[in-house]
Amino acid sequence: MAGQSSSASTATNIMLAVYEKKTTSLDLYRPLRNYISMFFSEREAQNLEDDLQTVKQYRSDLERQPDPSPTSRRDLLQKYFKALCLIETRFPISPDNDHINTVTFVWYDAFKQKQKASQQNIHLEKAAVLFNLGAVYSQIGLSFDRATVEGRKQAIHAFIAAAGSFAFLRDNAATKASMGTSTTVDLSVECVGMLERLMLAQAQECVFENTIAKGSTPGVCAKISRQYLGVEFAWKFLRGNLRGLVITEKFVNLADLSWIDDEFVISGMARDVVLCFYLEMWLPLSWEYNMYGFLVVGLYYEEALAALSVASLKDHFDKGWIAHVQLKASLFYAEACYRYSLELHEKEEIAEEIARLKSGSSMLSEVKKSSRGAAAQLLDAISKLEANINRNLDRAVKENDRVYLMRVPSPSSLPPLPAFSMVKIMPMNEVLDASKEKMFASLVPDSSAKALSRYTEMVDDIIRTQAEKLQQGSELTRVRLKEMDLPDSILSLEGNFMLPTNLKEDVEAVQISGGPAGLAAELQQLMDLRRVNHELLVQTEELLQKEATEDAQFRSQFGTRWTRPQSSTLTKNLQDRLNRFAANLKQASDSDARIERSVRDHSALMSILDRRPGLLGINNVPVVIYANGCIHALNVIESALPTLARPIMSLDANEDAIVGALKQSLRQLETLGAQRAGLEDMLKEMKRKDDVLPKLMTSTGSYDDLFRKEIAKYDPIREDIAQNIEAQEHLLLQIQAQNEEFSAVFNLEDYKASREKCYKQIQAAIAKYREIKENINEGLKFYVTLQDAITNIKQQCSDFVMTRNIQCREMIEDVQRQMAGLSFQDRKNSGSYSYPAVNQPHQRSSSQPPSDPQNVPHPRSQTSYYQPPEQSTVPAYAHPPSPYTTSQQPPPYHIPAPGAPYPPPQAQHPTSQEYGQPAYPGWRGPYYNAQQPGSLPRPPYTIPGPYPPHQGYYKQ
């Protein structure tokens with residue numbers, strides 16, 4: 001089982017490699033596919049065809065070895081092991097009936113190939129693959145040319161990776177594989193543990209092969225150690241030369257490790273510890289470096305030899321293996337004694353030197369007795385080392401006998417030589433982690449789904465709890481600062497204060513809608529609308545009056561021959577409606593006057609609203625900064641507010657210190673708030689990236705252990721949140737004390753009282769402005785609605801007058817014919833005439849003579865000349881039902897309650913009168929009518945909204 005390195009530059013470079021385990025052919029494709037089809041679906045089996053083929057190919061390559069190179073085998077074994085981890089959590093392989101019971105894994109022992117293990121569980125397969133991975137790494141390490149520095153570096157990497165593979169097998173798979181009915185010794189915990197120590201021993205040996213090849217001597221090391229190095233230079237030197245090397249017990253020779261690169265990570269010591277070891281241990285102990293290194297190699301070999309000596313392994317391995325390990329252990333122990341004796345000789349500690357040399361010599365003499373089966377190079381190395389030790393021992397004994405005459409201690413009484421390890425097993429958890437693999441990702445067993453749901457609930461609970469703490473911390477800060485009137489009081493002192501946000505928004509809304517200065521233009525618009533309505537009303541009355549005057553003239557002229565009805569009997573309803581319009585127009589004029597008086601009376605109160613919210617600068621000069629950086633003075637509303645001034649007299653003149661300390665605390669509080677925002681974002685990001693399902697699918701242990709490990713990653717941010725909340729609480733207490741001192745020095749209570757008084761004045765001005773604005777807009781709506789109604793009735797009056805004029809001309813013709821002597825019979829033959837109603841087409845009756853002249857009706861007995869038309873409903877005034885009817889007419893000069901120039905709307909009730917109507921279309925009360933839903937104002941005026949689009953400024 002042993003192999004020889006490619007170079008034999010030294011006599012001790014013989015190392016061991018492990019052969020792979022052998023297996024039999026096995027088809028995993030068909031059993032896995034049948035299981036998917038049976039317990040999931042045929043469609044799922046088709047979708048996972050590529051993954052099944054990949055597993056089949058992995059197993060086939062493992063059996064046939066199409067590419068026998070160690071590196072290709074290494075990659076194949078790593079991929080196949082990850083696939084086995086994914087298979088284990090999704091496909092139950094066991095003799096049970098409802099499991100995959102047609103798969104049997106068979107593997108042969110690597111050291112006794114006639115022995116084999118056969119099991120129906122995947123644990124044997126995983127353990128065998130891990131064993132072969134360690135064996136391949138050992139073969140890779142043995143394949144490098146260790147006569148070169150680069151070859152030794154690569155060999156070190158390979159051997160510590162082999163040790164890591166065997167350690168991973170021991171900790172994760174060996175015990176499970178040994179629980180089957182059929183097992184092999186090579187997969188036992190004892191065997192893989194022995195192989196792990198053997199690989200570490202060979203990695204450590206490679207390190208010191210390099211040391212010997214560079215020719216480092218104890219004298220050189222001592223010379224370097226006696227040079228003075230400052231702390232900063234020492235750290236740079238360490239960082240540049242160690243580059244991650246592991247140091248577990250003693251410091252090391254810096255010069256001899258400068259060749260190790262950044263990838264050789266076997267370190268575990270923090271900077272401070274390294275410096276401590278450097279300053280306290282390296283300087284006095286650097287000369288022990290070579291001796292310590294050789295000793296630790298021997299210790300690893302001794303541990304491997306102890307493992308080989310147990311009953312289960314003693315007869316399982318070839319005698320050549322046991323002899324090799326035993327010789328290496330003794331050789332490196334004797335080498336350490338030899339090198340340590342050289343240092344003792346320089347210090348003239350002859351007695352201990354003699355004892356150390358005797359210990360090494362006796363060790364070599366004893367091991368040569370059991371060297372059967374060992375390599376010849378090893379025996380030669382032992383013989384050479386023994387000769388050197390005996391030569392130095394004879395010299396030391398003679399010097400002691402002649403010069404020093406010191407008592408030589410017994411070798412057994414000597415303290416053990418100190419040792420440290422410069423190598424460490426490579427962790428294989430990340431190399432063999434299958435959680436990121438996508439194979440069989442769509443297959444989620446029920447147990448994994450339930451575990452994921454449970455884990456998600458745990459994470460959600462953590463996120464929710466921590467987010468609530470952050471939000472409560474921010475809310476507490478806001479409330480506490482508001483109670484202390486911070487930072488407004490500080491801004492007021494510096495002249496940078498502004499209105500409260502809600503008040504500032506209300507003022508800005510007033511100014512956007514025109515402000516008090518814009519009320520005059522709206523009042524003028526009211527007067528213009530009132531004038532237009534009055535003119536329309538007068539024109540309509542003049543139409544009816546003119547027609548009535550003409551009718552009276554003809555009636556006077558023709559006397560009894562003028563037989564049509566009088567105008568007053570036909571226009572009574574129209575006149576009543578016009579009278580009501582006139583009365584309500586008069587009442588509207590009175591309300592307009594009240595609005596004008598209200599504007600005049602409260603102009604001083606509302607004048608502050610014409611100032612723009614801005615910023616007060618130095619010496620309370622109102623300024624505004626534009627985008628181009630220019631500063632312009634403004635008439636800002638803040639200039640009307642009271643200011644917080646410094647005390648006129650001060651005893652200790654510590655105002656600046658008080659203000660500075662308070663401002664500094666507020667800045668710290670703001671920093672804590674920004675940290676909370678960042679912590680909340682980190683929580684959300686961690687939850688978004690927390691995908692534990694792949695790990696659940698590859699986990700073969702307890703879910704609780706996995707959950708504890710995964711939840712632990714939230715511990716640092718939970719600790720940060722707790723520290724942030726605690727720091728904020730202490731800071732708020734500090735700010736409270738500082739604010740009390742600030743309030744006392746600057747008389748803050750009086751300032752607050754005057755400021756609140758000013759705020760209330762502004763609020764009162766806003767309320768009055770809104771009231772006036774609403775009244776004006778109600779009036780505008782009323783006048784536009786009234787204009788539509790008057791225009792409508794004017795059209796009806798025009799139609800009435802036109803019809804009466806046509807009737808008048810025809811009656812004049814009849815009268816003229818009578819006066820010319822035409823007989824009644826002629827009139828009868830010509831047909832009687834019926835005057836049409838208003839808006840009806842003018843028609844004459846048939847010219848056929850009636851059969852009975854006595855049935856000719858008298859002109860006075862016929863129907864009225866004018867029948868009022870059915871009143872149509874104007875769509876813009878759909879409510880109330882009959883826009884021109886009402887059962888009750890309020891007094892035309894009703895005076896509304898003070899402060900409410902626009903009375904509340906009153907219910908409308910339709911009547912049977914043909915021309916009955918409320919005082920105005922869409923009547924709401926004795927004053928203005930609100931615009932009905934769906935109606936649109938007509939020209940010439942449009943109605944602006946009382947305020948800009950609602951943006952949260954006003955409460956409904």
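As a reminder, the structure under discussion sits directly above these lines.
Values in this document were obtained by computation on a predicted structure and should not be read as measured data.

Conventions we followed
Residues numbered from 1 in each chain as written. Predicted model: local features only at pLDDT ≥ 70, side-chain atom pairs only at ≥ 80, totals over all residues. Heavy atoms only, no water. Helix = DSSP H or I, 4+ residues; strand = E, 2+ residues; numbered from the N terminus. Contact = heavy atoms within 4.5 Å. Areas by Shrake-Rupley, 256 points an atom, 1.4 Å probe, with all protein chains shown as cover. Buried < 20%, exposed > 50% of the residue type's maximum accessible area, 1.4 Å probe, protein only. Axes fitted to C-alpha atoms, helices over the stretch in contact; angles between N-to-C directions. Parallel < 35°, antiparallel > 145°, perpendicular 65-115°, else oblique. Left-handed = near helix turned anticlockwise from the far one by under 90°. Nonpolar A, V, L, I, M, F, W, Y, C, P; charged D, E, K, R; others polar. Phe/Tyr/Trp six-rings, centres within 6.5 Å; stacked < 30°, edge-to-face > 60°. Lys NZ or Arg CZ within 6 Å of the ring centre and 35° of its normal.

Visitor: Sorry if this is basic, but what is going on with the overall build of the protein chain here?
Guide: Scanning the protein chain for helices and strands turns up 29 helices and seven strands. Excluding contacts between residues fewer than 6 apart, the proportion of contacts in the protein chain whose partners are at least 24 apart in sequence is 80%. Counting only carbon and sulfur atoms, one obtains 52% of the accessible surface of the protein chain, whose full area is about 47,000 Å².

Visitor: I tried to follow the environment of phenylalanine 40 on my own but got confused; where do I start?
Guide: Its place among the elements puts phenylalanine 40 in the loop between α1 (29–39) and α2 (42–47). Exposure remark for phenylalanine 40: the relative accessible area of 35% places this residue in the partly exposed category. Phenylalanine 40 sits 405 residues away from proline 445 along the chain, and the two C-alpha atoms are 9.8 Å apart. Every residue in contact with phenylalanine 40, bar those within four places of it in the chain, is listed here: Tyr35 and Leu443.

Visitor: Help me out: how do you make sense of the packing of helix α3 (residues 49–64) against helix α4 (residues 70–90) in this one?
Guide: The description of two packed helices rests on the angle between their axes and on the distance between the axes. For the pair α3 and α4, interaxial distance at closest approach is 10 Å and the crossing angle is 135 degrees. Judged on the interaxial angle alone, α4 and α3 are oblique. In this structure, α3 crosses over α4, and the sense of that crossing is left-handed. For the pair α3 and α4, the contacting residues are Val55, Tyr58, Arg59, Asp61 and Leu62 in the first and Arg73, Leu76, Leu77, Lys79, Tyr80, Ala83 and Ile87 in the second. Class assignment for the residues of the contact of α3 with α4 results in eight nonpolar, no polar and four charged.

Visitor: How do you make sense of the packing of aromatic side chains when you look at a structure like this?
Guide: Each pair of aromatic rings is reported with the distance of its centres and the angle of its planes. On inspection of all chains with the given rule, the structure shows 17 aromatic pairs. Relative to phenylalanine 707, the ring of tyrosine 455 has its centre 5.5 Å away and its plane inclined at 35 degrees; by these criteria the two rings are tilted. Of this pair, tyrosine 455 sits in helix α17 (residues 446–483) while phenylalanine 707 sits in helix α26 (residues 703–711), and the two are 252 residues apart along the sequence. Taking relative accessible area as the criterion, tyrosine 455 reaches 2% and is therefore assigned buried. Using a relative accessible area of 2% as the deciding quantity, one classes phenylalanine 707 as buried. When the ring of phenylalanine 742 is compared with that of phenylalanine 746, the centres are 4.7 Å apart and the planes differ by 35 degrees; the resulting orientation is tilted. Of the two residues, phenylalanine 742 and phenylalanine 746 are both situated in helix α27 (residues 715–746); the distance of four residues between them amounts to about one turn of the helix. Of the two residues, phenylalanine 742 and phenylalanine 746, both sit in the buried class. Clustering of aromatic rings is evident, with ring pairs tying together Phe111, Phe131, Phe166, Phe317 and Trp321. Between the NZ or CZ atom of lysine 21 and the centre of the ring of phenylalanine 131, over which it lies, the distance is 5.9 Å.

Visitor: Hey, could you run me through the packing of helix α14 (residues 319–346) against helix α15 (residues 350–367) in this one?
Guide: Orientation of α14 relative to α15, taken along the N-to-C sense of each, is 165 degrees, at an axis distance of 9 Å. When the axes of α14 and α15 are compared, the pair comes out roughly antiparallel. Like other packed secondary-structure pairs, α14 and α15 cross with a definite hand, here left-handed. Of the residues in α15, those touching α14 at Gln326, Leu327, Ser330, Leu331, Tyr333, Ala334, Cys337, Tyr338, Tyr340, Ser341, Leu344 and His345 are Ile350, Glu352, Glu353, Arg356, Leu357, Ser359, Gly360, Met363, Leu364 and Val367. For the contact of α14 with α15, the class distribution of residues is 13 nonpolar, six polar and three charged.

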